[in-house]
Amino acid sequence: LEIGKLPDESQYEDIYAKNGYLRDAKSNRVTNIIDLFTENYKTSVRLGLTKAPTVSSSVKVEVDAAYLEAYNKEHETTFKLFPKELITLGDEGLMTINPDSKTAELSLSVTGGEALEEDVTYAIPLTVNEAGSDIQFNNEESRHCMYFVNDMRKKGDVFKGEDKPKGFLFIEVNDVNPLNALSFQLENGKYLWDAVVLFAANINYDAASGRPYVKCNPNVQYLLDNNETLIQPLRKRGIKVILGILGNHDMAGVAQLSPQGCKDFARELARYCYAYDLDGVNFDDESDPNVDVNNPSFAFPSYEAGARLCLETKRAMPDKLVTVFCWGKMHSLDQVDGVDAKEYTDIAVANYGSTAPALGQMTLKQCSGVSSEYNERRGGDLNASTAQRLMNDGYGWFMGFAPFPNNYNDIWKRLEGAEVLYGSPLKEPSLFYKKNATEPSVWPNDL
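This report concerns the structure included in the present document. Every value quoted in this text rests on a predicted model; they were computed, and no experiment measured them.

On to the layout of surface pockets. When its volume is computed, the largest pocket comes out at roughly 1400 Å³. Around the largest pocket sit 42 residues that line it, and I33, D35, R235, K236 and D277 are the ones nearest its centre. Broken down by element, the lining of the largest pocket gets its largest block of residues, 6 residues, from strand β2 (residues 31-36). Looking at the lining of the largest pocket, its residues break down into 16 nonpolar, 9 polar and 17 charged. When its volume is computed, the second largest pocket comes out at roughly 370 Å³. What lines the second largest pocket is a set of 20 residues, and nearest its centre among them are E172, F199, L246, E286 and F401. Listing elements by their share of the lining of the second largest pocket, those giving two or more residues are β11 (166-172), β12 (193-206) and β22 (397-401). A total of 3 residues in the lining of the second largest pocket trace back to one element, the largest contributor, which is β12. Residues that form the lining of the second largest pocket fall into these classes: 9 nonpolar, 4 polar and 7 charged.

Right, here's the structure in full:
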């Protein structure tokens, strides 16, 4: 504002307009990736308005080949148009926004077909080509929503059956590339490990601020910074990627935080999981018991403190996994603050040679029935009898730790029970990933 001069109010006129924008309803993103592991994928397209209309207004959404051509030219890409006959838009693409509402959704179904080529990325360019007089778009981009489709149906995923026990793998990322989980593939094409823990980031004490915080060593941080090539390929195959949290030789620990300390640390963990598109956290209580309880962030080490951190973490990110390694003072309370363990512990895995207990209303489906340490050859094996016991007793998980590629021969022998669980044995190892490599090497030739 300039004193004595009338302001130019034309720049504010847009606040009264009903500006539209097209997004994917699940992700709220303009550009979206669909990895087609099954024959059908369903989502919804959302039209949003900055201001609710006063009367019902409609738009027509269509697959727009001309926009894809312009997109490829602008970005110097060569995406192919996804076959239109494999795309179904609900209500023939017509969307109506009623008065007093600012959104409307339209179903989008994508079907796999024999004509799709492997290793080719297709595009589904959606455009609002017809809009009611009560809706406008303040820029051309807001009319569009783009989907990129990869045909992954022959590449394999982790789904081996709803009631089958699942594999939970800890990878020591200081030495091993997490992509090595892809070495473990059954002969039927399914992957063995359903969840991979990046072992591990740390809970550390920041003396300057007087509070605990997440500390990532250079190896962990490198994976996070390069997660599109070193983490997301696992998630695209359905493998859950979990950030391990471990004590680091100071007074910060996962089972010695005060109620407020739990809330603060849980919020920080949630920021990491959402920022790096991770599936949750795993807590391992191997902390220094010497703690300054006069600090408001800390408390005496206790089972209650461990359970409370799980509870606050689940509250901070209810759509993510909260998992525990049953060691120290972690995972030993039926409930905290009247909340049952089932509500804040998704998976509990046991130390080598033991099984994880189901606390409170948890079931054994949330627990591991055998744990194997591969580097030092400790713990149990997933042999035929162990696999049968897991199914008979109702355990939902088996755990492995430290799958170094130079031990693959021994590890494969310890996993022969996979055939009992899934009706398909592990394929002989043929590939592995060197440290920080994004492309596989030949096993064992390139060790």
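Along strand β1 (residues 20-24), the buried face is formed by G20, L22 and D24; none of Y21 and R23, which line the opposite face, is buried. In the sheet, β1 pairs with strand β3 (residues 40-49) via 5 bridges, with the strands oriented antiparallel. From the neighbouring strand, R23 faces β3, where its bridge partner is R46.

Here the focus is the packing of helix α5 (residues 259-275) against helix α6 (residues 303-316). Here α5 crosses α6 at 45 degrees, and the two axes come no closer than 8 Å. By the criterion of interaxial angle, the relationship of α5 to α6 is oblique. Once α5 is placed against α6, the crossing between them reads as right-handed. Here P259, C262, K263, F265, A266, R267, L269, A270 and Y274 of α5 lie close against α6, whose contacting residues are A305, R308, L309, E312, T313 and A316.

What follows concerns empty space enclosed by the protein. One pass over the full model with this rule turns up 1 cavity of 30 Å³ or more. As a volume, the largest cavity reaches approximately 50 Å³. Surrounding the largest cavity, A307, C310, V324, M330, H331, S332, L333, A341, Y344, T345 and L359 form its lining. Residue composition of the lining of the largest cavity, by class: 8 nonpolar, 3 polar and no charged.

Reading the values: rules and limits
- Residues numbered from 1 in each chain as written.
- Predicted model: local features only at pLDDT ≥ 70, side-chain atom pairs only at ≥ 80, totals over all residues.
- Heavy atoms only, no water.
- 1 Å grid on protein atoms, 1.4 Å probe; cavity = no way out; pocket = protein on both sides within 12 Å on 5 of 7 lines; lining within 4 Å.
- Points joined across faces, edges and corners; volume = space filled by probe spheres on them.
- Helix = DSSP H or I, 4+ residues; strand = E, 2+ residues; numbered from the N terminus.
- Nonpolar A, V, L, I, M, F, W, Y, C, P; charged D, E, K, R; others polar.
- Buried < 20%, exposed > 50% of the residue type's maximum accessible area, 1.4 Å probe, protein only.
- Pairing = 2+ DSSP bridges.
- Axes fitted to C-alpha atoms, helices over the stretch in contact; angles between N-to-C directions.
- Parallel < 35°, antiparallel > 145°, perpendicular 65-115°, else oblique.
- Left-handed = near helix turned anticlockwise from the far one by under 90°.
- Contact = heavy atoms within 4.5 Å.

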